[in-house]
Amino acid sequence: MILGMFVLGWIAVNYPMSPAKIKLFVWHKSIGITILILVVVRIAWRLTDRTPALPNHMRNWERRLAHASHTLMYLAMVIMPLSGWVINSAANFPLKLYGLIRWPNIAPADKALQTQAELVHVTLFWILAALLVLHIGAALWHHFVQRDEILTRMLPGTTRRLRKQGD
Amino acid sequence: MYLTRAATVLICSVLSAAAAATEWIVDNDRSRLGFIATYDGVGFDTRFERFDTRIRFDPQQLENGLFDVVVDIASVNSDSADRDAGMLDLEWFDAEKFPQARFVSTGFRQTGAGAFEASGRLTVKGITRSIALPFTWNDAGNGARLKGKTLLQRTDFKIGTGEWATDPIIGFEVAVVVDLHLNIKN
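All values derive from a computational prediction rather than experimental measurement.

K.L.:
Could you give an account of the overall build of chain B, with specific residues and numbers?
P.N.:
Helix and strand content of chain B: two helices and eleven strands. N-terminal to C-terminal, the α/β element order of chain B is α-β-β-β-β-β-β-α-β-β-β-β-β. The burial tally for chain B puts 24% of its 186 residues in the buried class. Look at the contacts in chain B between residues 6 or more apart in sequence, and 55% of them connect residues 24 or more apart.

What follows is the structure, given as structure tokens:
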């Protein structure tokens, strides 16, 4: 979903001004708000649910890096759609999610604010992209090099089994 | 002889003053002239910051009435810098080539108590069309308030060419909205 948004956002920004450009942006904005809602739900879930412990073989710096990159990814996943919402609001464009649901503006019309939010949005694009490369790379490294359960335990149903083993 | 001529001039000027309907000037700070358009089905308000008017109107002398309004297209403001700039583009108002829009009334008729309709010629982007502008007129001593609204099809004036001419993402129907606070011109 996030990778799709990278592509969609990139195309929409560079597309020549046309009805198609507006529609690309409507999709980009609609999916962005959807991600925001999903991420908020996910964070609430993560905070109320136990996360399985990291494998014992992981060294301290690896643990710290894993925690830091996860925190940063969650932050980026919240601020990314939020800053997009601010851009749209400050630019004073109306938004109807998927052409159906009227979505309110979060900020007043303000060109300076729009420019700042755009800077945040595009900077986070690169940061989140880098974090995702790190995240996916680390997951593959755990699976193929370390040969531990990190990747497979992300699949549904495996957490319970892992917890049972740990108990 | 001299006195007679003076008296004649005086009488004539009094008569012509009576014949001309009242002239009004717009209180720009309190007035609004603009339009409501739609973006993806959601309306957005737009106003022109600069417009010149010559308004002569007296509900008792409709035959002497005149609305002549010249709008500075580049002064369009919809509280969105990007959209405002976009509206001046070639495909939309083409403000560089057509910097002004103009409405000149051709006649008035009363449609109800305090309600009137101005017929006239509206020129936008070099295209002139006959339109009707229904409005209400509230006289308050030295001031008056004119409120009117009329629906136009943007494509009638080639506003939005190319793909925009057939794609309804920017709605075809546009409501021109006029709310003028007027003072008697001395």
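Picking up after the structure, the text goes on.
K.L.:
Which residues make up the pairing of strand E8 (residues 115-124) of chain B, and what values do they have?
P.N.:
Residue and element names in this part refer to chain B. Residues Phe116, Ala118, Gly120, Leu122 and Val124 line the buried face of E8, whereas the alternating positions Ala115, Glu117, Ser119, Arg121 and Thr123 sit on a face that is not buried. In this sheet, E8 lies alongside strand E7 (residues 100-112) in antiparallel orientation, the contact comprising nine bridges. In the sheet register, Arg109 faces E8, and the bridge partner there is Glu117. Between E7 and E8, which follow one another and run antiparallel, lie two residues, and Gly114 among them has a positive phi close to 70°. Judged from the ten bridges that link them, E8 and strand E9 (residues 127-140) form a sheet pairing that is antiparallel. Counted as the bridge partner of Ala118 is Leu133 from E9. Between the end of E8 and the start of E9, which pair antiparallel, lie two residues, with Lys125 showing a positive phi angle near 55°.

K.L.:
Break down the packing of helix H1 (residues 2-14) of chain A against helix H2 (residues 19-48) of chain A for me, citing the residues and quoting the values.
P.N.:
Residue and element names in this part refer to chain A. Interhelical geometry of H1 versus H2 gives an angle of 150° and a closest axis separation of 9 Å. Comparing the axis directions of H1 and H2 gives the class roughly antiparallel. H2 is crossed by H1, and the crossing has left-handed handedness. For the pair formed by H1 and H2, the contact residues are Ile2, Met5, Leu8, Gly9, Ile11 and Ala12 on the first element and Lys21, Leu24, Phe25, Trp27, His28, Ile31, Gly32 and Ile35 on the second. Grouping the constituent residues of the contact of H1 with H2 by class yields ten nonpolar, three polar and one charged.

K.L.:
Lay out the environment of Asp79 of chain B in plain terms, naming residues and giving numbers.
P.N.:
With respect to the element layout, Asp79 of chain B can be found in the loop between strand E6 (76-77) and helix H2 (81-87). Separated by 49 residues in the primary sequence, Asp79 of chain B and Arg30 of chain B have C-alpha atoms spaced 17 Å apart. The residues contacting Asp79 of chain B, other than those within four sequence positions of it, are Asn92 and Ala109 of chain A.

K.L.:
I'd like a rundown of the pairing of strand E11 (residues 173-184) of chain B, residues and numbers included.
P.N.:
All names here are of chain B. Where strand E1 (residues 23-26) lies against E11, three bridges are found, and the strand directions are antiparallel. Of the residues in E11, the one forming a bridge with Val26 is Leu182. The pairing of strand E2 (residues 32-39) with E11 spans five bridges and is classified as antiparallel. Bridge pairing in E11 places Leu33 opposite Val178. Taken together, the eleven bridges between strand E10 (residues 143-153) and E11 define a ladder with antiparallel strand orientation. Looking across to E11, one finds that Lys149 is bridged to Val177.

K.L.:
Describe in detail the interface of chain A and chain B, supporting the description with residues and values.
P.N.:
Interfaces are frequently sized by the accessible area removed from exposure as the parts join. Each partner contributes residues to the interface: chain A has 15 residues there, and chain B has 14 residues. Here the residues of the side of chain A that touches chain B sort into eight nonpolar, three polar and four charged.

K.L.:
Tell me about the nonpolar core, and please be specific about residues and values.
P.N.:
Val71, Ile73, Phe93, Ala118, Phe135, Leu146 and Leu182 of chain B are the most contacted members of the largest nonpolar core, which totals 30 residues. Looking at this core, the elements that each hand over two or more residues are strand E4 (51-56), strand E5 (66-72), E7, E8, E9, E10 and E11 of chain B. Filtering out sequence-adjacent residues up to four positions away, Val71 of chain B remains in contact with Leu33, Phe48, Phe51, Gln100 and Ala101 of chain B. Formed by 15 residues, the second largest nonpolar core is a distinct cluster that contains Ala90 of chain A together with Phe35, Trp164 and Val174 of chain B.

Rules of the game
- Per chain, residue numbering runs from 1 following the sequence as it is written.
- Whichever chain is written first becomes A and whichever ligand is written first becomes 1, with later ones labelled in order.
- Local features in this predicted model are restricted to residues whose pLDDT is 70 or higher, and side-chain atom pairs enter the listing and the counts only when it is 80 or higher, whereas totals over whole chains, interfaces and linings include all residues.
- Labels follow the DSSP assignment, with helices taken as runs of H or I lasting at least four residues and strands as runs of E lasting at least two, numbered in each case from the N terminus.
- In this scheme every C-beta is placed from the backbone, and a residue whose C-beta has 20 or more other C-beta atoms within 10 Å is buried, one with 12 or fewer is exposed, and one in between is partly exposed.
- C-beta atoms are first placed from the backbone for all residues, and any pair lying within 7 Å is then listed as a contact.
- By definition, two strands form a pair when at least two bridges between them are found by DSSP.
- Throughout, an axis means a line fitted to C-alpha atoms (over the contacting stretch in the case of helices), and angles, computed between N-to-C directions, take values from 0 to 180 degrees.
- Working rule for angles: under 35 degrees goes down as roughly parallel, over 145 as roughly antiparallel, 65 to 115 as roughly perpendicular, anything else as oblique.
- The sense of a crossing depends on the near helix, which, turned anticlockwise from the far helix by less than a right angle, makes the crossing left-handed and, turned clockwise, makes it right-handed.
- For this scheme, ten residues count as nonpolar: Ala, Val, Leu, Ile, Met, Phe, Trp, Tyr, Cys and Pro. Four count as charged, namely Asp, Glu, Lys and Arg, and the remainder, Gly too, count as polar.
- For our purposes the nonpolar core covers buried Ala, Val, Leu, Ile, Met, Phe, Trp, Tyr and Cys residues that link as a set through C-beta atoms within 7 Å.

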